[in-house]
Structures are given as C-alpha cells and as structure tokens.
Amino acid sequence: VHVVESGGGLVQPGGSLRLSCAASGFTVSSYDMRWYRQAPGKSREWVARITSSGGSTYYADSVKGRFTISRDNAKNTVFLQMNSLKFEDAAVYYCYAYVDRVDYWGQGTQVTVSS
C-alpha cells in the first residue's frame, strides 16, 4: 500500500493549486481518504475528508468554501483543489489512508504561498 502526493509548488495569494494523491495497493473508493497539512512549527492538522460510501466530503473550517476534495476512481487518485490560497495555507500537505487497521501517509508535497 502506498500513497504518493504531487502538485505542490509556489503560488501567490489568491491563486490555486491542485494536489494529487496517487494510491496503490488498495482502491481509494473503498476507504475514507483524508488530506492533512503541517506548517513549520505547528502540529499536523486535518484539512479534508472524502468518505468511501457515497463520497461525502468534509472540511476544516479554515478551508471550507475554498478547498475541494474529490477522487477519480479510474485513476485511483484523490485530489485537493485549493483556491483563493492564503499565506496561512502554506504547509506540507499529506495524503492519509487507514487501510486494514494500518495508517498510511505519503511523503508530502510542499505548498508555498508568497507574493
């Protein structure tokens, strides 16, 4: 089982990025998938979740209305579309899956917000 994030980069405030989480060894549609982030000097925080059944989505208050989590079952990939980015969104973003009672984290992808 692996999850690999990509899509991070440098963006100006107000800009957009789309992060991807490519999964292998399991089917993303069969498990809840989550995005977390960790800024320097801060603890890791939950950002968004998409459920296995029905694909319901949930967001941290800090990103609600700006971020969208989705998945492409054919690509076995989960996405995080981030719009209207703010300085405080800068962090390393991690994809997370809990599969068969084991936690799986990716290596993270860096998002930098700077003017």
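A brief report on the enclosed structure follows.

Cut-offs applied
- Residues numbered from 1 in each chain as written.
- Predicted model: local features only at pLDDT ≥ 70, side-chain atom pairs only at ≥ 80, totals over all residues.
- Heavy atoms only, no water.
- Buried < 20%, exposed > 50% of the residue type's maximum accessible area, 1.4 Å probe, protein only.
- Helix = DSSP H or I, 4+ residues; strand = E, 2+ residues; numbered from the N terminus.
- Pairing = 2+ DSSP bridges.
- Disulfide = S-S within 2.5 Å.
- Axes fitted to C-alpha atoms, helices over the stretch in contact; angles between N-to-C directions.
- Salt bridge = Lys/Arg side-chain N within 4 Å of Asp/Glu carboxyl O.
- Phe/Tyr/Trp six-rings, centres within 6.5 Å; stacked < 30°, edge-to-face > 60°.

Extensive coverage of strand β9 (residues 91-99) is indicated by the burial of eight of its nine residues. Bridging between strand β4 (residues 33-38) and β9 involves six bridges; their strand directions are antiparallel. Its bridge partner being in β9, Arg37 is matched across the sheet by Tyr93. With three bridges connecting them, β9 and strand β11 (residues 109-113) associate as antiparallel partners. Along β11, the bridge assignment pairs Ala91 with Val111. Where β9 and strand β10 (residues 102-105) come together, four bridges link them in antiparallel fashion. Its bridge partner lying in β10, Ala97 is registered against Tyr104. Hairpin connection, β9 to β10: the antiparallel pair is bridged by two residues, and Asp100 has positive phi, about 50°.

Our focus in this paragraph is the state of the cysteines. Taken as a whole and judged by the stated rule, the model has one disulfide. Each disulfide pairs two cysteine sulfurs, and for Cys21 the partner residue is Cys95, the sulfurs being separated by 2.0 Å. For the disulfide bridge between Cys21 and Cys95, the dihedral angle about the S-S bond is near -70°, and by the sign convention the bridge is left-handed. Remark: Cys95 occurs in strand β9 and Cys21 occurs in strand β3 (residues 17-24); sequence separation between them is 74 residues. Residue classification places Cys21 among the buried residues on the basis of a relative accessible area of 0%.

Spatially, the four strands line up as an open sheet ordered β1-β3-β8-β7, and their pairing is antiparallel. A strand with exactly one partner marks an edge of an open sheet, and here the two such strands are β1 (2-6) and β7 (67-72). For this sheet, the mean inter-axis angle between neighbouring strands, taken without regard to orientation, is 20°. Pairing between β7 and strand β8 (residues 77-82): six bridges, direction antiparallel. Note that in β8 the partner of Asp72 across the bridge is Thr77.

For the structure on display, the rule yields five salt bridges. Note that Lys64 is salt-bridged to Asp61, the shortest N-O span being 3.1 Å. Exposure remark for Asp61: the relative accessible area of 66% places this residue in the exposed category. Between Asp89 and Arg66 there is a salt bridge whose closest N-O contact spans 2.7 Å.

Within this structure, the stated rule accounts for five aromatic pairs. A centroid spacing of 5.0 Å and a plane angle of 65° characterise the contact between Tyr36 and Trp105, whose relative ring orientation is edge-to-face. Residue Tyr36 is found in strand β4, and its partner Trp105 is found in strand β10; the two are separated by 69 residues along the sequence. Tyr36 gets classed as buried once you look at its relative accessible area, which sits at 18%. On the numbers, 6.3 Å between centres and 85° between planes, the contact of Tyr94 with Trp105 is edge-to-face.

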